[in-house]
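Residues per chain are reported as follows:
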Amino acid sequence: MSVKELDSLDKIVSLAKARGFIFQSSDIYGGLGAVYDYGPLGVELKRNIRDNWWKAMTQKYENIVGVDAAIFMHPDVWKASGHVEGFNDPMIDDKQSKKRYRADMLIEGEIAKLRSNEKFEEADELQQMLDTAGSREGLCEDLHKIIMENEIRAPESGAFDWTEVRQFNLMFKTQFGATSSGSGEEDAVYLRPETAQGIFVNFKNVMDTSRQQIPFGIAQVGKAFRNEVVARQFVFRMREFEQMEMQYFVEPGTDAEQYDRWLEERIAWHKELGIRESKLRTHPHPEDKLAHYAAAAADIQYEYPIGWQEVEGIHNRTDFDLTQHAEHSGKKLEFYDQQQQKRYTPYVIETSVGLDRTVLMVLCDAYREEEVDGDTRTVLKLNPEIAPTKVGIFPLIKKDKLQDLAHKITADLREDYNVLYDESGSIGKRYRRQDEAGTPFCITVDFDGVESEGEDTVTIRYRDDMTQDRVPVSRIKEVLSEKMKSWKP
Ligand SMILES: Nc1ncnc2c1ncn2[C@@H]1O[C@H](COP(=O)(O)OP(=O)(O)OP(=O)(O)O)[C@@H](O)[C@H]1O
């Protein structure tokens, strides 16, 4: 059988829309850029992944607890964290089309173009220039120079008519109604651009109430907002998205070891989710490219159809955040170690994964097109644990005897699983629908099963290899549970 993997993001975008995983936000009004809604299947898939992550943190480890901080935070939080000053991306405008680009991504696009035209030497040279561009100071000037010297044209208009490169702050700013003095600036509140700060400002609250000792972690899942300059990559880069973050507070000196440990644990989590090992890699950040707060950082990358890209970041944030918040708030954010009788500001190892990027990774990794009897079968080979629907239940045709048993099985399985009863259309079409939804099992009730001697039987059809087993009704749950446990990507 010939099997094809995913070769373009467009296929996932279409499937996600057609099957009700993900829709463009405000679709009937023409959509809103880089904002997306999850449909009936998407919301289940996303929730299953979120639950899986939450369990892998707070249920697995006694010393990891959760919080759910508000999206709005005191404006001083963002001064202390450095976001007001430095959470910027370099942008450049094409004067002819008025289209805006992220300067670094524009150069990356040019590199990709050179490579696809087999101009490898030129591509390497350009990459070298991009790698050595200033990380913060002088970045805009460096990027502008690269664009000018290499005569990089605007991808859409083909023009070579650029503005300067400027820093663009990615935080969405808004105002608290009744308190506004009119000028705006002093009353500005932000939509949080990361969930991490909600954890840092609650460090003391959690320490005081949860009886945790260092090392311990605080986990949080929630929305974050970034006014991304370029957002043309589906749910990979959104303006409103969800992060799953865990900040692990450790004694200084043990941070390097804890960093290695969490990098390993997090890669293992992605594999357990069912992602193929060959599609995952780590990308350590070179020292001169580290963020101002970090002592070490690595991306966990997945090979999306748009190339190798970050799905998760692991960072050694040192004591930067707690020190900053202690300074700006005037509150002590330290840990007193009673055994060693010493006081210190803990270091933080952060694991930060995008939930939407994980959903996209899971969909991309599961997607296959298979030639079956001269037809193409599109199938999502999702890990049954996270599949939105676990079982489809079909009476072969609309006859009381078959429908009654199918309804009974549906009601019974509904106690444990998210299931779907479907009696319309040919059985082949019903299977294909569930293949595209990633449903791992389909149960069909036919006449052979209800009319033969002894206990009623059904056929269970397996999504991945399309084989079928005839199973007595009383054994259905047992078989499903076994098959779920033994599933491999
Ligand atoms: N605009 C976005 N849309 C969807 N997910 C995002 C977005 N920005 C960040 N994330 C997710 O949050 C995680 C942690 O955020 P972090 O600030 O480390 O990302 P980042 O390094 O800014 O990402 P990138 O370099 O791709 O913009 C990322 O690994 C990613 O999964």
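Keep in mind the model is a prediction, meaning the values are calculated, not measured.

Novice: What's the story with the nonpolar core in this structure? I'm lost.
Specialist: Buried together is how nonpolar side chains tend to be arranged in soluble globular proteins. Core analysis: the largest hydrophobic core is formed by 58 residues, its most contacted members being Ile 22, Leu 45, Ile 49, Trp 53, Phe 234 and Leu 360. Leu 45 has contacts with Phe 21, Val 359, Val 362, Leu 363, Leu 382, Ile 386 and Pro 388, leaving out every residue within four places of it along the chain. Of all hydrophobic cores here, the second largest spans 21 residues; its members include Leu 413, Tyr 417, Val 450 and Ile 476.

Novice: What's the story with the sheet that holds strand β14 (residues 307-318) in this structure? I'm lost.
Specialist: Backbone-to-backbone hydrogen bonds join strands into a sheet, with any given pair of strands oriented parallel or antiparallel. With respect to topology, seven strands assemble into an open sheet ordered β4-β10-β11-β17-β14-β13-β12, the strand pairing being mixed. Looking at the sheet topology across the chains shown, the edges are occupied by β4 (64-66) and β12 (280-284). Strand-to-strand twist in this sheet, taken as the mean axis angle between neighbours without regard to direction, amounts to 25°. Pairing between β12 and strand β13 (residues 296-304): five bridges, direction antiparallel. Counterpart to Pro 284 in the pairing with β13 is Ala 298. Against the sheet, helix α9 (residues 203-210) engages β4, β10 (216-225) and β11 (240-250), with an angle of about 140° to β10.

Novice: For this particular structure, what's the right way to read the site of the ligand?
Specialist: If you check the shell around the ligand, you find 16 residues, and the closest are Glu 228, Arg 237, Met 238, Glu 310 and Val 311. Measuring from an oxygen atom of the ligand, one finds a backbone N or O atom of Gly 354 at 3.0 Å. Within the side chain of Arg 357, a nitrogen or oxygen atom sits 3.1 Å from an oxygen atom of the ligand. Contact with the protein chains hides 83% of the accessible area of the ligand, taken as 590 Å² for the molecule alone. The biggest single contributor to the shell around the ligand is β14, with five residues.

Novice: Just checking my understanding: could you explain the pairing of strand β22 (residues 441-445) for this structure?
Specialist: Each regular strand shows side chains that alternate between the opposite faces of the sheet. Among the five residues in β22, five count as buried, and that is most of the element. Neither face of β22 is open: one carries Phe 441, Ile 443 and Val 445, the other Cys 442 and Thr 444, and all of them are buried. Sheet topology places strand β20 (residues 391-395) next to β22; five bridges connect them, and they run parallel. Looking across to β22, one finds that Gly 392 is bridged to Cys 442. In this sheet, strand β23 (residues 457-462) lies alongside β22 in antiparallel orientation, the contact comprising four bridges. Within β23, the residue paired with Thr 444 across the bridge is Thr 459.

Novice: I would appreciate a short explanation of the sheet that holds strand β18 (residues 367-372) in the present structure.
Specialist: Here three strands make up an open sheet; going across it, the order is β1-β18-β19 and the pairing antiparallel. Two strands close off the open sheet at either side, each with one partner strand: β1 (3-5) and β19 (375-380). Within this sheet the neighbouring strands show an average axis-to-axis angle of 25°, counted without direction. Bridge count between β18 and β19: six bridges; the pairing is antiparallel. Pairing of Arg 368 across the sheet is with Val 379, part of β19. Running over the sheet, helix α12 (residues 355-366) touches β18 and β19 and is turned about 20° from β18.

Novice: Even after reading the chapter, I still don't get the side chain of His 83, so can you show me in this structure?
Specialist: Structurally, His 83 can be placed in helix α4 (residues 83-86). A distance of 2.7 Å separates the side chain of His 83 from the side chain of Ser 81, its partner in a polar contact. Setting aside its immediate chain neighbours within four residues, His 83 contacts Trp 78, Asn 169, Met 171, Pro 193, Glu 194 and Gln 197.

Novice: Please explain the domain arrangement of the protein as it appears in this structure.
Specialist: Much of the literature gives interface size as the accessible area that the parts lose upon coming together. Annotation of the protein at the domain level lists domain 1 (3-85 + 178-365), domain 2 (88-169) and domain 3 (389-485). Taking the mean C-alpha position of each, domain 1 and domain 2 sit 28 Å from one another. At the interface, twelve residues of domain 1 touch 15 residues of domain 2. The junction of domain 1 with domain 2 conceals about 1,100 Å² of combined surface from both sides, 46% of it contributed by carbon and sulfur atoms.

Novice: Looking at this model, I keep getting lost on the environment of Ile 107. Mind explaining?
Specialist: Among the structural elements, Ile 107 can be located in helix α5 (residues 103-116). Taking the relative accessible area as the measure of exposure, Ile 107 reaches 0% and is therefore buried. In this structure the C-alpha to C-alpha distance between Ile 107 and Leu 130, which are 23 residues apart in sequence, comes to 7.5 Å. Apart from residues lying up to four places away in sequence, Ile 107 is in contact with Leu 126, Leu 130, Leu 143, Ile 146, Ile 147 and Ile 152.

Reading guide: rules and limits
- Residues numbered from 1 in each chain as written.
- Predicted model: local features only at pLDDT ≥ 70, side-chain atom pairs only at ≥ 80, totals over all residues.
- Heavy atoms only, no water.
- Core = buried A, V, L, I, M, F, W, Y, C linked by side-chain atoms within 4.5 Å.
- Buried < 20%, exposed > 50% of the residue type's maximum accessible area, 1.4 Å probe, protein only.
- Contact = heavy atoms within 4.5 Å.
- Pairing = 2+ DSSP bridges.
- Helix = DSSP H or I, 4+ residues; strand = E, 2+ residues; numbered from the N terminus.
- Axes fitted to C-alpha atoms, helices over the stretch in contact; angles between N-to-C directions.
- Near = heavy atom within 4 Å.
- Polar contact = N/O pair within 3.5 Å; in protein donor to acceptor, adjacent residues only side chain to side chain.
- Areas by Shrake-Rupley, 256 points an atom, 1.4 Å probe, with all protein chains shown as cover.
- Domains from an automatic or database assignment.
- Buried area = accessible area lost by both parts, 1.4 Å probe.

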